[in-house]
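Working through the structure, step by step
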Amino acid sequence: MRPHRLLPLLLLLSSAHAEPVTIAVASNFITPMAELVAAFEEATGQAVRVSSASTGVLYAAIRNGAGYAALLAADSERPRLLEADGIAVPGSRFTYAVGTLQLWSADPALAGKDCRGALDDLGNRRLAIANPVTAPYGAAAQAFLQQAGLWDQVQDRLVFGQNIAQTLQFVATRNASLGLVATSQSGSEQLPDATCQWAVPTSMHPPIEQQAVLLQPVDEHAAAAAFLEFIAGPEGRAIIRAQGYEVAD
Amino acid sequence: MESLLQPLWLSVKLAGITTLLLLVLATPIAWWLAQTRSGLKPLVQSLVALPIVLPPTVMGFYLLIVLGPAGALGSWWVELTGSALTFSFTGLVIASCIYSLPFAVQPLAVAFESLGKQKLEAAWTLGASKADAFFSVALPLSVRGYLGAMVLSFAHTLGEFGVILMVGGNIPGETRVVSIAIYDQVESLNYAAAHRLSALLLVVAFVALFTMFLVNRRWRR
């Protein structure tokens, strides 16, 4: 056999150790995840396949045997449950990003106005928040509105996004005048310019902790563990912070 | 349980109103499709059938823009009534009529086509006006088509999810229909409640379809 005939075989063998590892990620983290994956692949040569859905859907899939090597959830509850159920590797759970809320509008009528002030007197304007029952950002939005003493008076003005991205969509298409959206998403260049915005103080709601866990029943532990280490490291943290999240120092 | 019954009732109400509206809206469209020799027929057929092919997300996204206060239809509605169409029950009725239109038009068009020209021409020669001939000849002979249109529109609207998810805003008692409530329960790990609602919906959908096929069979004999 002439040497050049061996080349494809050698390439195949050398790539065998870098078989892609599949990691599940909450939909709200897709954009930072793409950057993290690109940086990780460049640094290690290890390919990462990303599977995304809402945290609830991913949780149900994992409970039913989906073979993800790790989960980057949008909350801390689901990773905690997976750990308690013995599905996640004990002690692997950590907070990789902390979300913050932004009061945001694209309504021309609010241009140059005080966004927080508009919340006190909504009139017939709609206020979009994520569903408090299903979305951590929604629970935080509810906590903030309660803390501010506004929860009862905004009741009949509220519309609920299924997740934080849909909440932003309601506001960006001006179907809702105002929305409590994720800071990480409201800065997107794809969106119309904000007519007013206000950063909700993190002291006014419980922290929106996004946690990750390593999952047990797969043989891809080493690669997945390396990825989680990477996002917890300085380079990963810098990428996550640049996307509008807070990260532990 | 009350919190489960409200979304179910809302779905039934939405499907019922949509079905009634669709019977009125679909009749002239189906009649025209059955009678016409116009070159526009394939165009109208395609437009009517679009909701079968398009993902609900596409329709939901366009409807969110068109029905919204900044949209063509939405801004006109705001001027007329002072409130927006999105996030309202009225908005859902409009969205559902578009979404389920083909399921009303197609059974009716088939029924009208199978009438044949002769019976109508006989009625006309006996001096019946076109409207008279339609109501006293075509309509009674198309009962099966109407039954099919009703059951399919009702069942299809009952099972609507994606469009409502996108334009409804999940407001309890206004736009939180049963499919959305089920999704919420699954998302919040409340599987027992999700099971109850799902089973209920399954039974309602099955009974509706079974009734249609049963009645259809009786008629054919």
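The rules behind the values
Residues numbered from 1 in each chain as written. Chains lettered and ligands numbered in written order. Predicted model: local features only at pLDDT ≥ 70, side-chain atom pairs only at ≥ 80, totals over all residues. Heavy atoms only, no water. 1 Å grid on protein atoms, 1.4 Å probe; cavity = no way out; pocket = protein on both sides within 12 Å on 5 of 7 lines; lining within 4 Å. Points joined across faces, edges and corners; volume = space filled by probe spheres on them. Nonpolar A, V, L, I, M, F, W, Y, C, P; charged D, E, K, R; others polar. Contact = heavy atoms within 4.5 Å. Buried area = accessible area lost by both parts, 1.4 Å probe. Salt bridge = Lys/Arg side-chain N within 4 Å of Asp/Glu carboxyl O. Polar contact = N/O pair within 3.5 Å; in protein donor to acceptor, adjacent residues only side chain to side chain. Helix = DSSP H or I, 4+ residues; strand = E, 2+ residues; numbered from the N terminus. Expected span 1.5 Å × (residues − 1). Bend = angle between axes of the 7 residues up to and from the residue. Buried < 20%, exposed > 50% of the residue type's maximum accessible area, 1.4 Å probe, protein only. Pairing = 2+ DSSP bridges. Axes fitted to C-alpha atoms, helices over the stretch in contact; angles between N-to-C directions.

Turning our attention to the layout of surface pockets. Reported here for the largest pocket is a volume of approximately 550 Å³. Taken together, 27 residues form the lining of the largest pocket, with Asn-124, Arg-126 and Asn-175 of chain A together with Pro-69 and Ala-84 of chain B sitting closest to its centre. Classifying every residue of the lining of the largest pocket by side-chain character gives 11 nonpolar, nine polar and seven charged.

At the junction of the two partners, chain A supplies 24 residues and chain B supplies 22 residues. Taken over both partners, the interface formed by chain A and chain B buries close to 1,900 Å², and the fraction arising from carbon and sulfur atoms is 56%. By the criterion of area lost to chain B, the three top residues of chain A are Phe-160, Gln-162 and Asn-175 of chain A, representing 30% of everything that side buries. Our enumeration of links across chain A and chain B arrives at zero salt bridges. Our enumeration of links across chain A and chain B arrives at six residue pairs in polar contact (both at pLDDT 80 or more).

Attention now goes to helix 5 (residues 89–113) of chain B. Residue and element names in this part refer to chain B. Its 25 residues give helix 5 an end-to-end C-alpha distance of 35 Å, which sits within 8% of 36 Å, the value for a rise of 1.5 Å per residue. Along helix 5, the largest kink reaches about 50 degrees and is centred on Ser-100; proline Pro-102 follows within four residues of it. Of all the 25 residues making up helix 5, 19 are buried; the element is thus mostly covered by neighbouring parts of the structure.

Residues and elements named next belong to chain A. A complete count under the given rule lists seven salt bridges over all chains for this structure. One salt bridge in this structure joins Glu-83 and Arg-93, with 2.8 Å as the shortest N-O distance. Residue Glu-83 is located in helix 4 (residues 77–84), and its partner Arg-93 is located in the loop between helix 4 and strand 4 (94–99); the two are separated by 10 residues in the primary sequence. In this structure, Arg-125 and Asp-107 form a salt bridge, with 4.0 Å as the shortest nitrogen-oxygen distance. One end of the pair, Arg-125, is in the loop between helix 5 (115–120) and strand 6 (127–130); the other, Asp-107, is in the loop between strand 5 (101–105) and helix 5, and 18 residues separate them in sequence. With a relative accessible area of 22%, Arg-125 lands in the partly exposed category. Residue class for Asp-107 comes out buried when judged on its relative accessible area of 14%.

All names here are of chain A. Strand order in the open sheet formed by five strands is 2-1-3-10-4, and the pairing between neighbours is mixed. In the strand order of this sheet, the two ends are held by strand 2 (48–53) and strand 4, each with one partner. Here the average twist between neighbouring strands, direction ignored, is 20 degrees. With three bridges connecting them, strand 3 (residues 70–72) and strand 10 (residues 208–214) associate as antiparallel partners. Note on strand 10: the bridge partner recorded for Ala-70 is Leu-214.

Read these as layout, nothing more, since geometry by itself doesn't imply function.
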